[in-house]
Structures are given as C-alpha cells and as structure tokens.
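# Per-entry structural report
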Amino acid sequence: MSRAEAALENGLCTCLCCHQLMRLPPGETRGRCTRCGATVHDRIERSLMLTWALVLTGTFLLVPANILPVMTVIYLGSGEPSTIIGGTLELYANGLWGIALIVFIASVAVPVMKLVGLVILLLQVQWRGPRNPMQSMRVYRVVAAIGRWSLLDLFMISILVALVNMGAIAEVRAGPGSTAFATVVVVTMMAVRTFDPRLLWDARYRRNSEPVEDWRAGGDREPAEEVGDG
Amino acid sequence: MQQGATDSASGWQRACHECDLLLGNCTAPPGGKLVCPRCAALINRNPARSIHYTAALSISGLLLFIPAATLPLLNFSIIIVGSENTLFNGVFSLFKAGYIWLASLVLFCSVVAPFTRFLLLAFISLGCLWGALDRPVSRAVRWYQHIREWAMLDVYMLGVLVALIKMQSLGKMVVESGLYCFVGLMVLSNLTLLSFDQQSVWRRMARRRAAAAASQAGEVTS
C-alpha cells in the first residue's frame, strides 16, 4: 500500500455525507459538496481536539453519573435511592441475572468501553500510529455501534416514572444521577462522530512510510507481520 | 471546486470514507454490497428497488406512528390501582419533576428523531421523482445522515422489556395494544435502514439531469 493511494495525497476528498469524491482547489482544506451541499473537509476539522474535549467531559461526568442516584423506587412509603450499579446488583440479587447482565453491559460497561476505546485511538493517532490499523478500525466500529445502547437505562426510568405512579402505594422518581448519565451518553456519541478514522491511516503512513502489505497479492487483509518499527 | 463524481484525470470514482483509499468503480451489483478492500468499511449496499421499498416502508411507518404514540404501551397495577404508560407521559412526568434535559433527550430519541427520520425518508423517496425538488431532497438526505443514529426505537423497546421484567415483583404488568404497534414501528424502522440507499437517489437525479440536458440539446439542434 503506497501513500499515493490515499485520496488526500491526490488532492481529492470525500464528502462524508453523500460520499462524492471531489477535487478541492489547491491550498484549500474545505469546500462545499456540489451534490448534497454539505461542507467538505479533507479531514474532519479539529477532529482530535474536539474528540479529546468530549472524551474528557464524558470521563468527568461519569463520576457523578455513577455516584448520584438515578432512580428511587418507593413502595408502601419506603424505598431507597439507587445508583446505576446498585440497580444492577438489585436485579442480580432478585435472580434476574439475564436482565442484570443486559443493564450492566448497556449502562456500565458500554460508556467505560467507549471512553477507553476512544482514548486508545486518540493516543494511537497522536503518538506513533497504530501497529495494526485493522484492529484500530475494529475498535472504532465497535465504539460507534454500541454507543446508543447506553440510553437503555434512561428510557427505562422514563417508562417507570409514568407507569409506577400511585401516590402512597408505589412511586418511582428519577434522581440527579440520570441527568449526568444522559449527558455522558450524548457527549460520547458526539465524540465518536467527531473522531475521523482516516487519521489512523495517516498516522500509519507516518509511522511506516514504506509499503508494508499488499492487499492485492494475498487474500489476507491483515498485515502478516510488521516491517520496520517507526 | 471541480464538478462531478469522477475525477477524470485519474479515473478514481470514490475514496473509502473511513480510510481514504482511492477506489475505482463503486457501485455494488443489485442486492449485493461492496466493502473497502483495505479497512472493510461498507462502501456501498445496493438494495433492489431501494426507492420503492423505502417509500412504502416510511409511509407505513408514519401511519403506524399514530397508534403507537397515542395508545398505551404498558399497564401496571397493584391490587386495584393502576396506571398506563404511553410514549409521551413518561416525558411529561420527567418534565414535571424538573428533569428538563433528560425529558427532552428521551422525547427526542424516542419520538422526534424516529418520526423525523420516517418523514425525511418519505420525502426523499417520493420527492426524488420530481426534478423541481432536487435541492430540498438533497438537503433532506443531509439531515437524514445527521438524525439517523439518534432514532432509538430499538433501544426504547429494550427499555420497555427491562421495565416489564423489573416491575413484575411489585405488581401486575399488562402489555397493551400500543406496544404491538410500537414493535411494528421498530421493525419498519430497521427495515428502512436496510432498504434505503442514498446512492440510488443520487443516481436517479443524475440520470434525470442527463436526460434533461440531452432533450434540451435536441431542441437546440432541431
């Protein structure tokens, strides 16, 4: 794979909205897509800075999201506020381990995995370039695909708040942690959108300027071994 | 900026949107799909009769939205006291309790975004039949790209299931007719993800523009 096959090196860029290939005027990094009218950049503008900012915001907000209670179930006048992890443990204690696992994955594992994955990708772009870009792409795709499922807990809260609303007998109230958690989900979803995976491949070229693998020669898309180290 | 989808000097037609690899011919055979040879990103999926199916699915989605949003989804009762849940009243309760940001997020992801998505798809797939609507349709495609991932009917559905199981120990939970409509809506929404291919919209527009140019040239010469 030679650098010449990157569209950027040929002065071309892709509209991220309609995927049209365009030639930008020399010296320009942005323009307007002639087909769909979206603004086109050679790479997403200030991608790393924005992604770092959003990832850090998400990380800080994860603390109140997990410490503050998200929901209070009051049954016959008694009930304690429960946090996200507390809610999962309660489900597990009631023997509903399947549901407990789903809720745990969606609301505890996914936000953490997303943040960790994005930090890994950002460090790879900024430091040395990925050893195995296919692996980084896999991380990127998983992070992009799982993000929306974290809202599961919030939807459940909104359903229960309306459903269990019988005054003295039983009541479900939302807690302040849910606001922080909602913000974490939104912020991390936006962070994935602002990260430009093409930067990974640019960093790959920087790390390893000579041709490494030839995808046309063999069926194997993964580089068989690393040639050269930086 | 240079016009056109093809860079005539080099013959490249497209670059992978995830790894920037230049590619030649990038239209999948009908019913098939193309992936990037380097990073395995999905370059193009070419569903058969994309525009027709999308039009049908999105209009049925819009119609199904009426019962799904107005009928109750679940009914929960303890002894004799019961209450119902619709798509909206959870949002209202959160709003009344002061969780404005959370309420608007839930409202956006479970009602506004899915509805707008169906509306945009219906507009795109019907509007691309008329040349006069080219500009609004391309704007609608752009909006569709932005709103697509915020429509979370499937996540909401899982939320309903979790709520259903979680509250079973407290009282009696009954599934109401609205939930069946909601499941249908979710299925339709996921089917439009499969059927819609924006490249067929662009191809149709380009074809019409070429035909118009040809007929105009014919009038000039005759």
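Worth saying up front: this structure is predicted, and the values here are computed from it rather than measured.

Once that is clear, we can look at the overall build of chain A. Per the secondary structure count, chain A includes 7 helices and 7 strands. For chain A, the N- to C-terminal ordering of α and β elements is β-β-β-β-α-β-β-α-α-α-α-β-α-α. At a minimum sequence separation of 6, the contacts of chain A that also span at least 24 residues come to 62%.

Turning our attention to the overall build of chain B. Across its full length, chain B carries 7 helices and 7 strands. Taken from N to C terminus, the helices and strands of chain B fall in the order β-β-β-β-α-β-β-α-α-α-α-β-α-α. Scaling as 2.2 N^0.38, a compact globule of 222 residues should have a C-alpha radius of gyration of about 17 Å, whereas chain B reaches 23 Å, well beyond that. Over its C-alpha atoms, taken along the principal directions, chain B stretches across nearly 80 × 45 × 35 Å. Within chain B, counting contacts between residues at least 6 apart in sequence, those at least 24 apart form 58% of the total.

In this section: the sheet that holds strand β7 (residues 172-175) of chain B. Spatially, 3 strands are ordered β6-β5-β7 (chain B) in an open sheet, and the strand pairing comes out antiparallel. The open sheet has two edge strands, β6 (81-85) and β7 of chain B, and neither has a second partner. Across the sheet, the axes of successive neighbouring strands diverge by a mean angle of 20 degrees, strand direction being ignored. Bridge count for strand β5 (residues 74-78) of chain B against β7 of chain B is 4 bridges, and the pairing is antiparallel. Looking at β7 of chain B, one finds that Ser77 of chain B is bridged to Lys172 of chain B. Taken strand by strand, helix α5 (residues 152-163) of chain A contacts β5 and β6 of chain B, and its axis lies near 140 degrees from that of β6 of chain B.

Moving on to the pairing of β5 of chain B. Residues and elements named next belong to chain B. Across 5 bridges, β5 lies against β6 in antiparallel orientation. Among the inter-strand pairings, Ser77 is bridged to a residue of β6, identified as Gly82. Linking two consecutive strands that pair antiparallel, namely β5 and β6, is a turn of 2 residues; a positive phi of about 55 degrees is found at Ile79 within it.

By the assigned domains, chain A splits into domain 1 (1-42) and domain 2 (46-207). For domain 1 of chain A versus domain 2 of chain A, the distance between C-alpha centres works out to 33 Å.

Attention now moves to helix α4 (residues 134-147) of chain B. Taking 1.5 Å of rise per residue, the 14 residues of α4 of chain B would be expected to cover 20 Å, and the 20 Å separating its terminal C-alpha atoms lies within 8% of that figure. Looking at α4 of chain B, one finds that the buried residues are Val137, Ser138, Ala140, Val141 and Arg142 of chain B.

This paragraph deals with the interface of chain B and chain A. Between chain B and chain A, the contact holds 60 residues from the first and 62 residues from the second. At the level of elements, β1 (14-15), β5, β6, α2 (89-96), α3 (100-127), α4, α5 (153-166) and α7 (198-221) of chain B are the ones that each hand at least two residues to the side of chain B that touches chain A. Sort the elements by how many residues they give to the side of chain B that touches chain A and α5 of chain B lands first, with 9 residues. When the residues that make up the side of chain B that touches chain A are grouped by side-chain class, the tally is 35 nonpolar, 16 polar and 9 charged.

Residues and elements named next belong to chain B. Following the UniProt record, one finds the feature "transmembrane region" (unreviewed entry) at residues 55-80, 100-133 and 177-196. The distance separating the terminal C-alpha atoms of residues 100-133 is 37 Å; by composition the span is 82% helix and 0% strand. The annotated region residues 177-196 carries 95% helix and 0% strand content, and the separation between its end C-alpha atoms amounts to 29 Å.

A few words now on the sheet that holds strand β7 (residues 170-174) of chain A. Residue and element names in this part refer to chain A. Sheet architecture is open: 3 strands sit in the order β6-β5-β7, paired in antiparallel fashion. If you trace the sheet from one side to the other, it starts and ends with β6 (81-82) and β7, each paired once. Here strand β5 (residues 71-75) runs beside β7; their pairing, made up of 5 bridges, is antiparallel. Considered in β7, the bridge of Val73 is made with Val172.

With that settled, the discussion passes to the environment of Ile84 of chain A. Residues and elements named next belong to chain A. Relative to the helices and strands, Ile84 resides in helix α2 (residues 84-93). Each C-alpha atom, one on Ile84 and one on Arg128, is 37 Å from the other, the two residues being 44 residues apart in sequence. In this structure Ile84 touches Asn66, Val70, Ser107, Val108, Asp153, Gly177 and Phe181, once residues within four positions along its chain are discounted.

All right, on to α2 of chain A then. Residue and element names in this part refer to chain A. Ile84, Gly87, Thr88 and Leu91 are the residues of α2 that are buried. Looking straight down α2, one finds that the buried residues subtend no more than 100 degrees of arc, so they occupy a single side. Immediately downstream of α2, the backbone of Gly95 shows phi near 90 degrees, a positive value.

Parameters and conventions
- Residues numbered from 1 in each chain as written.
- Chains lettered and ligands numbered in written order.
- Predicted model: local features only at pLDDT ≥ 70, side-chain atom pairs only at ≥ 80, totals over all residues.
- Helix = DSSP H or I, 4+ residues; strand = E, 2+ residues; numbered from the N terminus.
- Contact = placed C-beta atoms within 7 Å.
- Rg over C-alpha atoms; globule rule 2.2 N^0.38 Å.
- Pairing = 2+ DSSP bridges.
- Axes fitted to C-alpha atoms, helices over the stretch in contact; angles between N-to-C directions.
- Domains from an automatic or database assignment.
- Expected span 1.5 Å × (residues − 1).
- Buried ≥ 20, exposed ≤ 12 C-beta atoms within 10 Å, placed from the backbone.
- Nonpolar A, V, L, I, M, F, W, Y, C, P; charged D, E, K, R; others polar.
- UniProt positions renumbered as here; feature names shortened; annotations may be inferred.
- Arc of directions from axis to C-beta.

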